[in-house]
Amino acid sequence: MARIELNEVAHSYLPKPVKDSDYALKRIHNVWEDGAACALLGPSGCGKTTLLNIVSGLLIPSKGRVLYDGKEVTALPPEKRNIAQVFQFPVLYDTMSVYNNLAFPLRNRGIHEKAVRERVLEIADILDLTDFLKKRAAGLAADAKQKISLGRGLVRSDVAAILFDEPLTVIDPQLKWHLRRKLKEIHEKLKLTFIYVTHDQVEALTFADQVAVMFEGEIVQIGSPQELFENPEHRFVGYFIGSPGMNFLECTLEGNRAHVNGTEILLDETTAEKSRNKKGNLALGIRPMYLGVHPNPGGDRVKADIRMVEDQGNYRIVTLKLGKHTLKASLSEERPIPEKEAWLSFPTEWTRLFADGWLIK
Amino acid sequence: MEKWPNNRAWLLVLPVFVIVAFSAIIPLMTVINYSVQDIFGPNQAIFVGFEWFREMLADKRLHDALWRQFLFSGLVLVIEMPLGILIALAMPKKGWGVSLCLVTIALPLLIPWNTIGTIWIIFTRPDIGLFGAGMNSLLGIPFDHTARPLDAWITVMLMEVWHWTPLVALLAYAGLRAIPEAYYQAARIDGASAWSTFLYIQLPKMRGVLTIAFLLRFMDSFLIYAEPFVLTGGGPGNSTTFLSLYLVKIALLQFDLGPGGAFSLIYFVIVLLFSFIFYQALERIGKGDKV
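On a predicted model such as this, the values are computed, not experimentally measured, just so you know.

Peer 1: Give a detailed account of the overall build of chain A, specifying residues and quantitative values.
Peer 2: Along the backbone of chain A there are nine helices and 21 strands. Reported as C-alpha extents along the three principal axes, the dimensions of chain A are approximately 75 × 50 × 30 Å. For chain A, the residues scored as buried account for 52% of the 361 residues in total. Excluding contacts between residues fewer than 6 apart, the proportion of contacts in chain A whose partners are at least 24 apart in sequence is 66%. When the accessible surface of chain A is split by element, carbon and sulfur atoms take 49% of a total near 16300 Å². Separation of charge centres in chain A, based on 48 positive and 47 negative side chains, amounts to 4 Å.

Peer 1: Which residues make up the interface of chain A and chain B, and what values go with them?
Peer 2: Between chain A and chain B, the residue contacts involve 27 residues of the former and 22 residues of the latter. When the two sides are added together, the surface that chain A and chain B hide from each other amounts to roughly 2100 Å², 56% of it contributed by carbon and sulfur. Of all residues in chain A, the largest losses of buried area upon contact with chain B belong to Leu 58, Tyr 93 and Arg 136 of chain A, amounting jointly to 27% of the total for that side. Counting across the interface, chain A meets chain B through two salt bridges. For Arg 152 of chain A, the salt bridge goes to Asp 190 of chain B, with nearest N and O atoms at 2.6 Å. Run the count over chain A and chain B and you get seven residue pairs in polar contact (both at pLDDT 80 or more). For the side of chain A that touches chain B, the elements supplying multiple residues, two or more each, are strand S6 (83-86) and helix H2 (98-108) of chain A.

Peer 1: Tell me about unusual backbone geometry, residues and numbers included.
Peer 2: All names here are of chain A. Cis peptide bonds are those with omega within 30 degrees of zero, and the linkage from Ser 243 to Pro 244 qualifies with -5 degrees. Considering the arrangement of structural elements, one finds Pro 244 in the loop between helix H8 (235-240) and strand S11 (247-254). A positive phi angle, close to 50 degrees, is found at Glu 8, a residue other than glycine. Note that Glu 8 resides in strand S1 (residues 4-11). Judged by its relative accessible area of 36%, Glu 8 is partly exposed. Residues other than glycine seldom take positive phi values, yet Glu 166 does so here, at roughly 45 degrees. Using a relative accessible area of 9% as the deciding quantity, one classes Glu 166 as buried.

What counts, and at which threshold
- Residues numbered from 1 in each chain as written.
- Chains lettered and ligands numbered in written order.
- Predicted model: local features only at pLDDT ≥ 70, side-chain atom pairs only at ≥ 80, totals over all residues.
- Heavy atoms only, no water.
- Helix = DSSP H or I, 4+ residues; strand = E, 2+ residues; numbered from the N terminus.
- Buried < 20%, exposed > 50% of the residue type's maximum accessible area, 1.4 Å probe, protein only.
- Contact = heavy atoms within 4.5 Å.
- Areas by Shrake-Rupley, 256 points an atom, 1.4 Å probe, with all protein chains shown as cover.
- Lys, Arg positive; Asp, Glu negative; His and termini not counted.
- Charge placed at Lys NZ, Arg CZ, Asp CG, Glu CD.
- Buried area = accessible area lost by both parts, 1.4 Å probe.
- Salt bridge = Lys/Arg side-chain N within 4 Å of Asp/Glu carboxyl O.
- Polar contact = N/O pair within 3.5 Å; in protein donor to acceptor, adjacent residues only side chain to side chain.

That is the geometry; function is a separate question.
Encoded structure:
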């Protein structure tokens, strides 16, 4: 078990990186506490896997240092780091039995056969693999295979952290849920540091206590699922988390009113105050669930055209047109929805302002 | 939903049937026809039953050729399979070296077979050949593949290994390249040694292509004709007379079509039988629930 620290890490796959865009990872400075369940969330190609491979030692970063419990391991190969990694596709030793698969990492480290047996049986029990131990690993279903990959990490009692690289990609939806719960259970039981890479927000938000959202080689925000939802620090977080993502409207500021091509939206005093000195492109952001949709005008409501209503079961998603902007609002099913036109209200406590993509706070 | 048999669909199978008939069935039937008759001339033949089979199976020279053939194919497999895998493992994985290696290695495969025999005749000639003359005059080791059976065998084996190991290497290389990077990464994380990685990842993952390589090399080496025909002509004596050389001698040079036909069928059955056994055995290694 260990606290994992990344100190000013950057990585480029090019031999001589010059520009900022040459780097797959721009600048990562981050600490994962011992025993934490963390997720790295981001779209494909944002550098998640690169970051994971740097933590595990499969890649040596171009810049920066990696520390386990304060000890520098940047240049150490994975076998010297006491790290385990579960890959996107189940990686098994096809010709071996499940038992031998689980025993393999221990045997490679010269551990006595009796101790190996004890440990393998213990881990097989946790993972519900006891019945399969004598079977050949190649013949099992995808979820059992993925559990074996995980088991090969868990058998090592000295393992510092377990890294997951989109481990549920090949699992059926039904089993996905089951396996995710199993992971959570194992985390609570063994108190290991889990780092979980995924592009699926549901997976990240249900699995982890702490989610780091990555975008174009940078961690744009780290926080609890709730923080990420309520206070996205970057436009990307707002857009990527939540379904549908946050609405953004380019605007200019005048006093405590935002001008969105012609219409005025009232802002919170303090936000407006802080925004006054900001330079760069301003945008106003609001979550679809906080956007008020009313059948008649009043107060600071602004008029919008309704374009589409999608029924999602217990809520409905309304697509609206405000000038040239398209907005989405999600409404509970019992709320009436006007037919053609609606008046929108922007509750000041949920309306955020972003300057050049970053939240003003 | 009910399905109607559409007999016109058989028409679509017809072209394949015709091709197979002319390329395999009719020649095979002809051979079977020969094998049970004593043929004196174009219109003179009498039915002899299994007489030719009995005679060929008891033929001492055929036995010798058969053992020679097994020894040859055995050596070919024992040398070419590991060597091919070794070459594949040593080949570069990326960069310009890959193309260079692939082309260089594939060169022997592109040369016509009788040309290969000719190349090796010249190469191993004791008087002027680079190899033969080199052995004789530079190293002082007497070497003459036209006079000494062992030298003839060494020459034929060298030629065969030079000619066909590239095929094994290319297949093994393709198999290696198809292994996802994650397997190697997992092996590193599990602390596997290079040998374990080879034994538990690379070798099992290459099983499919190696099965193909094994069967191809077995069949081709068992049927080898052109190269030894050009290089040694089966000599000195009968020391490199493999089955096909002996068969040609009987069927075409002596024009004994009956015994030749019987021989061909025996030959065919042996190749088929061993290919089947090998295939089953190699498949079994890969499957099965228990280890």
